Amino acid sequence: MRWEQLFADLEAQVAEQESVAERAEDGSRARAEYGRVRLADRLGGARGHELTLGCTGAGQLSGRLTDVGVDWLLLTDPQDREVLVAVRAVCSVGGLSALTAPAVEEGTVARALDLRRALRGLARDRAGVQVLLADGTAPTGTIDRVGADFVELAEHPLDAPRRRGAVTGVRTLPLPAVVAVRTALAGG
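Rules used throughout
Residues numbered from 1 in each chain as written. Predicted model: local features only at pLDDT ≥ 70, side-chain atom pairs only at ≥ 80, totals over all residues. Heavy atoms only, no water. Helix = DSSP H or I, 4+ residues; strand = E, 2+ residues; numbered from the N terminus. Contact = heavy atoms within 4.5 Å. Core = buried A, V, L, I, M, F, W, Y, C linked by side-chain atoms within 4.5 Å. Buried < 20%, exposed > 50% of the residue type's maximum accessible area, 1.4 Å probe, protein only. Salt bridge = Lys/Arg side-chain N within 4 Å of Asp/Glu carboxyl O. Pairing = 2+ DSSP bridges. Axes fitted to C-alpha atoms, helices over the stretch in contact; angles between N-to-C directions.

Chemist: Which parts of the structure should I look at to understand the overall build of the chain?
Modeler: Looking only at helices and strands, the chain features four helices and ten strands. For the chain, the N- to C-terminal ordering of α and β elements is α-α-β-β-β-β-β-α-α-β-β-β-β-β. Sequence-distant contacts, at least 24 apart, represent 52% of the contacts inside the chain between residues at least 6 apart.

Chemist: Looking at this structure, how should I read unusual backbone geometry?
Modeler: Residues other than glycine predominantly adopt negative phi, and peptide bonds predominantly adopt the trans conformation. The backbone of Asp-80 sits at a positive phi, close to 70°, despite the residue not being glycine. Unlike most non-glycine residues, Arg-126 shows phi in positive territory, near 55°. Secondary-structure assignment places Arg-126 in the loop between α4 (115-125) and β6 (128-133).

Chemist: Is there a simple way to think about the nonpolar core in this case?
Modeler: Grouped burial of nonpolar side chains is what soluble globular proteins tend to show. Membership of the largest hydrophobic core comes to 19 residues, with the highest contact counts inside it found for Leu-84, Leu-119, Val-129, Val-131, Ile-143 and Val-181. When contributions to this core are tallied by element, the ones reaching two or more residues are β3 (72-76), β4 (82-86), α4, β6, β7 (140-146), β8 (150-155) and β10 (178-183). Here this core takes four residues from α4, the largest share from any one element. Residue contacts for Ile-143: discarding those within four places in its chain leaves Leu-119, Leu-122, Ala-123, Arg-126, Ala-127, Val-129, Val-151, Glu-152, Leu-153 and Val-181.

Chemist: Explain the pattern of salt bridges to me, please; I cannot follow it from the model alone.
Modeler: Opposite charge on two side chains permits pairing when their charged atoms draw close. Counted by the stated rule, this structure contains nine salt bridges. A salt bridge links Asp-77 to Arg-81, with the shortest nitrogen-to-oxygen separation between them at 2.8 Å. Take Asp-77 and Arg-81: they sit in the same class, and that class is buried. With a shortest N-O distance of 2.6 Å, Arg-145 and Glu-152 are connected by a salt bridge. The network of salt bridges with shared partners includes Asp-77, Arg-81 and Arg-182.

Chemist: Help me understand α4, please; the structure alone is not making it clear to me.
Modeler: Residues three or four positions apart in an α-helix share a direction because the helix packs 3.6 residues into each turn. Taken residue by residue, α4 has Leu-115, Leu-119, Gly-121, Leu-122 and Ala-123 as its buried positions. Directly beyond the C-terminal end of α4, a positive phi value near 55° is found at Arg-126.

Chemist: Sorry, what's going on with the environment of Val-146 here?
Modeler: With respect to the helices, strands and loops of the structure, Val-146 is situated in strand β7. Each C-alpha atom of the pair Val-146 and Arg-117 lies 8.5 Å from the other, and the pair is 29 residues apart in sequence.

Chemist: Explanation requested: the side chain of Glu-155 in the structure shown.
Modeler: Positionally, Glu-155 belongs in strand β8. Ignoring any residue separated from it by four or fewer positions in sequence, one finds Glu-155 in contact with Pro-139, Thr-140, Gly-141, Ala-166, Val-167, Thr-168, Gly-169 and Arg-171.

Chemist: Please clarify how the pairing of β4 should be interpreted in this entry.
Modeler: Here is the key point about a regular strand: its side chains alternate between the two faces of the sheet. In terms of burial, β4 is largely enclosed, as four of its five residues are buried. Hairpin connection of β3 to β4: five residues between the antiparallel strands, including Asp-80 at a positive phi of 70°. Here β4 runs beside β10; their pairing, made up of three bridges, is antiparallel. Note that in β10 the partner of Val-85 across the bridge is Ala-180.

Chemist: Explain the environment of Val-70 to me, please; I cannot follow it from the model alone.
Modeler: Inspection of the secondary structure assignment puts Val-70 in the loop between β2 (59-68) and β3. For Val-70, a relative accessible area of 26% translates into the label partly exposed. Distance from Val-70 to Ala-86, taken between C-alpha atoms, is 9.6 Å for residues 16 residues apart in sequence.

Chemist: How should the sheet that holds strand β9 (residues 169-174) be read in this particular structure?
Modeler: Taken together, the ten strands give an open sheet; going across it, the order is β5-β1-β2-β3-β4-β10-β6-β7-β8-β9, and neighbouring strands pair in antiparallel fashion. Looking at which strands have only one partner, the edges of the open sheet turn out to be β5 (90-94) and β9. Sheet twist, expressed as the average angle between the axes of neighbouring strands with direction ignored, equals 40°. Pairing analysis gives five bridges linking β6 to β10, with the strands arranged antiparallel. Each bridged residue has a counterpart across the sheet, and for Leu-133 the counterpart in β10 is Val-178.

Function-wise, these values are silent; they only describe arrangement.
Written out as structure tokens, the structure is:
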């Protein structure tokens, strides 16, 4: 009888130690898994939600998150303008839900859809834009060309189309200085 009780006590102790070890391992595993979550994954779970971004040089940018790329995100602001934001310029994000998009391996196509490619789309469309820069300035005009690490902006008022007479100059902007690019208001 004494032996049975001793073995039962020992089994209970071992079971308790295993349970404690499993709980600690589960917590470590969960922390390790969360440690692999990238900001793009976290933002991907917030598509359609209203976010407020704190950005270097641009302050707060707010709007509905409509898309997320490898190094950019796209908001639609309260004035219905699209705002392409360089993720590297984001200092804080408010309004994220508890959802995180499932992590996906970036393939060749996804890596090609970077900020430069998005800016080339704006250049192709000849869209009037305001470029928010890290130094706090915000020149307006049309993106003419996008190089490997720079953008050329034909400066002109947003309410004037890009015509030779409206262009006041061409400004070369290093890509690391570009915080966000905001499209013009519809109809103006």
